[in-house]
Amino acid sequence: MHQRCCRRLPPLYFLRRGIHSTSAPTPADAATDATLLGRLTRLLLLHRFSAAASLLSSSAPLTPALLHAALRRVRLDPDAALHLFRLAPSRPSLLAHAQLLHILARARRSADARTLLASLLSARPPAPPLFPHLVEVYKDFTFSAASFDLLLRALANAGHLDGALQVFDEMRKLGCRPTVRSCNSMLNRLTQAGDLGTVVAVFEQMQHAGTLPDEFTVAVMAKAYCRDKAVAHAAEFLEEMKNMGVEVNLVAYHALMNGYCELGRTEDARRVLESLPSIGLSPNVVTYTLLVKGYCKEEKMEEAEGVIREIMKNKQLAVDEVAYGAVINGYCQRGRMEDATRLQNEMINIGLQVNLFVYNSIINGYCKLGRMVEAHKILHEIEDAGVRPDTYSYNSLVDGYCRKGLMTKAFEICDMMVRNGFTVTILTYNALLKGFCSLGSIDHALRLWFLMLKRGVAPNEISCSTLFDGFIKAGKTEKALNLWKETLARGLAKNITTFNTVINGLCKIGRMPEAEELLGRMKEWRCPPDSITYRTIASGYCRTGDMVGAIRIMNEMEGVGFAPSIEMFNSLITGLFIAKQCGKVDDILSEMSTRGLSPNTVTYGALIAGWCKEGDLDKAYNLYFEMSGKGLTPNLFICSSLVSCFYRKGKVDEANLVLQKLVDTDMIPDISATRLEIGKLANALDTVAGGNLRSAKIMWNIVIFGLCKLGRIEDAKNMFADLKGKGFVADNFTYSSLIHGCSTSGFLDVAFGLRDEMLSVGLTPNIITYNSLIYGLCKSGEISRAVSLFRKLQSKGISPNAITYNTLIDKYCKDGHITEAFKLKQRMIEDGIKPTVFTYSILIHGLCIHGYMEEAIKLLDQMIENNVHPNYVTYWTLIQGYIRCGNMKEISKLYDEMHIRGLLPTHMAGDVKQACPVAYNQNGKACHMKMYC
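How each quantity is defined
- Residues numbered from 1 in each chain as written.
- Predicted model: local features only at pLDDT ≥ 70, side-chain atom pairs only at ≥ 80, totals over all residues.
- Heavy atoms only, no water.
- Core = buried A, V, L, I, M, F, W, Y, C linked by side-chain atoms within 4.5 Å.
- Buried < 20%, exposed > 50% of the residue type's maximum accessible area, 1.4 Å probe, protein only.
- Helix = DSSP H or I, 4+ residues; strand = E, 2+ residues; numbered from the N terminus.
- Contact = heavy atoms within 4.5 Å.
- Salt bridge = Lys/Arg side-chain N within 4 Å of Asp/Glu carboxyl O.
- Axes fitted to C-alpha atoms, helices over the stretch in contact; angles between N-to-C directions.
- Parallel < 35°, antiparallel > 145°, perpendicular 65-115°, else oblique.
- Left-handed = near helix turned anticlockwise from the far one by under 90°.
- Nonpolar A, V, L, I, M, F, W, Y, C, P; charged D, E, K, R; others polar.
- Phe/Tyr/Trp six-rings, centres within 6.5 Å; stacked < 30°, edge-to-face > 60°.
- Lys NZ or Arg CZ within 6 Å of the ring centre and 35° of its normal.
- Expected span 1.5 Å × (residues − 1).

**Side note on the nonpolar core**
- Ranked by size, the top nonpolar core spans 219 residues in total, and within it Leu40 and Leu642 carry the most contacts.
- For this core, the element with the highest residue contribution is helix α6 (residues 94-106), accounting for nine residues.
- The contacts of Leu40, once residues within four sequence positions are left out, are Ala52, Leu55, Leu56, Leu62, Leu66, Ala70 and Leu84.
- Grouped together as the second largest cluster of nonpolar side chains are 68 residues, Trp700, Phe720, Leu808 and Met863 included.

So, in C-alpha cells, the structure goes:
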C-alpha cells in the first residue's frame, strides 16, 4: 500500500552531499610523550581532575594528538573522558567528538551525548560531517552502535535532513538498527518539510531494518499522508496498522480528522470522531476543536458554534479558550462581529480568560470592516486586561487605518508600537505602502520606500509589487519600470509576484513586445513564469484584439505544462469581440466544455457585454436569464452593459427593471456601509467600467438611485455634488432619482430646486419627475400645492398618468374628501386613462374607513364590470370594513368570492382565530367561513 501512494524515489544515499569526500582523520601522533600521557590518564582515572589540569598547564598543552590518545585510554570512564574533553584549549577535533560520543553512548549518558551533539551541530561555521569519524572510532573501540542512533536523532531534530538520511543509510550497511524513536524524529521532520515520498521510503526501509513502528510512528505517517492530501491513503494506513496489532492512538485519528477538515470534508471528520468510542478511544477537547476549525473553514459557523455546545454538554470535557477562539476567529473572518463579541462575553461569563489570539481576531475583524473606532477600543481593552499586544495587534490596526486612507492614524499606531518595544517590520511597511498607493499618493509611497531601505528593512515581493502596481495605476508606467530596474540592481525584486506585476503594467498600456521580452528574461534569470504570467500576457493581447498573439501564448503555456483556466478563456471571449470575430465565440465555449470548464459570472459578463456591443440585445438578455437560472448572480458590470444597451435601443422600461434588480441585490460596492466612502466607491466603479464613460455614468446613476431608495438622501446629495465637481453630467434619470428621494423624505424645497436645476441645464422634467413632486406634496399634507402642480402639467406639455391620479385620489380619501376623489376618478376616465386595481382599491378603502359599505360594494361590482380584477388587498379592505360593522354574513360572501378567484393565502389558515377572533362564535367554534389574515 505504501509503494502505491508514494513517489518512486532513488535510494536515500543519493541525498548525501559530499559527506564521504571529507578526508579521513589522522591517527594519534606516534610521537606523543608516553610519560605525560601515562601521568595524565592515571590522574583522570583517579578522578583527580584538578591535578590533571595543573599537569597540563605546567608541562605541555593538550594537543589534538594527546587528547585523542588520552580519550582512547579512558574510554571506559565517561566522567574522566568528559573532564578531559573540557580541558581542551580550543574546540576539539571531530575525531575527539566521535570518541567522546562513543564513550557516552556506551555509558548510557544520553543527556550528555545530546548536549555534545547539539553544541557541534549549532557551531558556526558549520562543522563537517561527524559520521566518518564515528565509523573509525567504532572500529577502534568496538563500541558503541548507539552513538550512530544518537547522531541520527540529533541531525533529524536539528533539521539536517540530508545528514540524517545519510546516517540512516550507512547504519544499515554497518548492520546497526536505528531505534524507533530516532526514526520517528526523522519521519516527523520530513513530514514538516512536506516530502511524502521520502517519508514513505524511510518508513519502508525502517521496517526492512527490523525497526517496528509504534503509535507515534503511526501518527506521524497519518499526518504525512494527510499533508499531501492523500487522506484516503491515511485512512487505509491506520486500518492496516490496526490489523497488524500496532497501537493507533488518538493523535493519529486527529491527523486523519485534520486531513478531512483541510479538504473541506468536515462531515467525514465528524464520522471519525463518532467512531472513536467503538475502538476504545475517548474524544477530548482537541478532537472537538478540530471539528470547530473544519466547520469554520467551510463557513458553517452555526455548526461550529454547535460543536462548542456539544463540548459543554459533555460532563467529561471542559471547553477551553482554543475552541472558543476558533469560532470567534471564524465569525471575525466573515465580518460577523456581533456574534464574535457575544461569544467573547460568553467566554468571560463561564470563567475563561480571553487570550491574545481572541483579541487579535476581533481587532482584525473590525479593521477589515473599516470599524476602526471599535478596533482601537479593543487595543485599550487588551491593555486593561493585562495582556500585552503583539506585532499582529498593531499591524492589524495599521492596515485597517491604511485601508480607510487614514494615514496619520496609521503612523500614530506605528509610533505606539515602537514606544512599546516592538520593531516596525516589513509587514507594517507593506500596509503603509499600500495605503499611500490606494490614495494615489505615489510620492509619499516612494519616500517611505527609500526610508525603509535606509533603515535596513529589505523589501519583499509584496512591497515591490505594491509600489510598482501603485505607479502603474497612477499612469506612471515609465517611473515604475525605472524603479524596477533600480530595484533589480540592488538584488531585489527577482520574484514571480513582482515580475507578474510589471508584466501586467506593460500589458495594460499595450506594450506587448516588452512584456514578452520580460517573459524571456524570467527564464534566463531562473525565475520560471507561472500560469498567471502567461494568462496576463494572453489577456494583454486580447485587449488589443491580437488573437494570434493570444493563442500563441496559450499554446506556449500548455507546452510547459499549464492547462488554460476559465480566466484564460474569459479573456479569449473578450478578445474575440474586440477583434470583431464574434463568430468564433461558440468555438471557444465548445472547447471550454470539452475541457470540463463551466462558464462563471465573468464568462457571462464577457458574453453579455460583447453581444450588447454587437447590438444583439436578444442574445445578451437570454444569457442574462440563463446565468440567473444557473444560480449565478449578475454583477454590476453585466447590469450596466444591459442598461446601456437598453437605453441605446430606447427600451427604458427594461432598463429600469435591470436597475431595480441591481439595487435589490445590493451589488453596489459598500452602498450598505454606515459611512459611504465616495473615493473608495469611485475606484471600485471606475475599475468595473474599465474607462468606459457611458458605463461609469450608468453606474453612478445606479448608486444615486440605490442611496435614494435606502433613504440615504444626504449621502446621495453629497455624492451628486462631489460628482458634479469632477465633471459628471447628470441626466433625467439622475435628477428623477434625487427628486423622488428628496420628495419622499420631506425635502420638498430641495426637490423643487433640483427640478429648477434640471430646466436650467436644458433637461425637461418628465411625468416621473412630477409624480415624485406631487407625491412629496401629498405626503407633506400640501394637497392644494399638489393639485395646483397637477393642473399645470398640461401647460408644460406633460400628460398625467395613472400614478398621478392615484396619488391625488389617495390623499383625498385619507383626508376624508371622498367626493373630490371620485371627481378625479371621473376626470381620469375622461382623459382616456383607465382606472387600475390600485385606483379602485384606494377608493374602496376610503369608503370603508367612513362606513360607506354599500357604496364600497357597488364600486367593487363596477370594478369587476369594467374588467379590472380585484386583488387580495381590495377584498381585505372590504372585510376589515365589515368587521368594524360586525356584518358576518357579508364577510362570508366575500370569502366565497376570494376562494373562487384563488386569492386565499391558505398558509395562514392556522392563525385565523388569533388574528380575527370576531370570526368565532361564543362557544369557541369557528364560523362556517374562516378568517385569513
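**So, the pattern of salt bridges**
- Under the counting rule described, the total for this entry stands at 38 salt bridges.
- Salt-bridge contacts for Glu374 lead to Arg371; the nearest nitrogen and oxygen are separated by 3.1 Å.
- Linking Glu714 and Lys717 is a salt bridge whose minimum nitrogen-to-oxygen distance equals 3.1 Å. Residue Glu714 and its partner Lys717 are both found in helix α41 (residues 713-725); the two are separated by three residues, about one turn of the helix.
- With a relative accessible area of 22%, Lys717 lands in the partly exposed category.
- Look at the salt bridges and you will find they share partners, linking Glu302, Glu305, Arg309, Arg336, Asp339, Arg342 and Glu346 into a network.

**Notes on the packing of helix α30 (residues 512-524) against helix α31 (residues 531-543)**
- Put simply, α30 and α31 touch, their axes get as near as 10 Å, and they point 165° apart. The angle between α30 and α31 falls in the class roughly antiparallel. Remark: the crossing between α30 and α31 carries left-handed chirality. Along its contact with α30, which presents Met512, Ala515, Glu516, Leu519, Met522 and Lys523, the element α31 presents Thr533, Tyr534, Ile537, Gly540 and Tyr541.
- Along the lines of polarity and charge, the residues of the contact of α30 with α31 split into seven nonpolar, two polar and two charged.

**Observations concerning the packing of aromatic side chains**
- Under the criterion given, the structure shown has 14 aromatic pairs.
- Their ring planes at 50° and their centres at 5.5 Å tell us that Phe131 and Phe148 sit as a pair that is tilted. Placement of the pair is Phe131 in helix α8 (residues 131-141) and Phe148 in helix α9 (residues 146-157), with a sequence separation of 17 residues.
- Linked through ring pairs, Phe131, Tyr138 and Phe148 together constitute an aromatic cluster.
- Just above the ring of Phe141 sits the side chain of Arg75; from NZ or CZ to the centre is 5.6 Å.
- Just above the ring of Trp611 sits the side chain of Lys619; from NZ or CZ to the centre is 4.1 Å.

**So, helix α21 (residues 356-369)**
- The terminal C-alpha atoms of α21 lie 20 Å apart, and with 14 residues this matches the ideal 20 Å at 1.5 Å per residue to within 8%.
- Taking burial as the measure, the 14 residues of α21 include eleven buried ones, the bulk of the element.
- Burial in α21 covers these residues: Leu356, Val358, Tyr359, Asn360, Ser361, Ile362, Ile363, Asn364, Gly365, Tyr366 and Cys367.
- Looking at the buried residues of α21, the elements they touch are α19 (321-333), α20 (337-349), α22 (372-384) and α23 (391-404).
- Once α21 ends, the next one or two residues include Gly370, with phi positive near 80°.

**Digging into the environment of Gly505**
- Among the secondary structure elements, Gly505 is positioned in helix α29 (residues 496-508).
- Of the residues examined, Gly505 reaches a relative accessible area of 1% and is grouped as buried.
- Remark: the alpha-carbon pair of Gly505 and Glu478, spanning 27 residues in sequence, is separated by 9.9 Å.
- Beyond its immediate stretch of four places on either side in the chain, Gly505 contacts Ile472 and Thr477.

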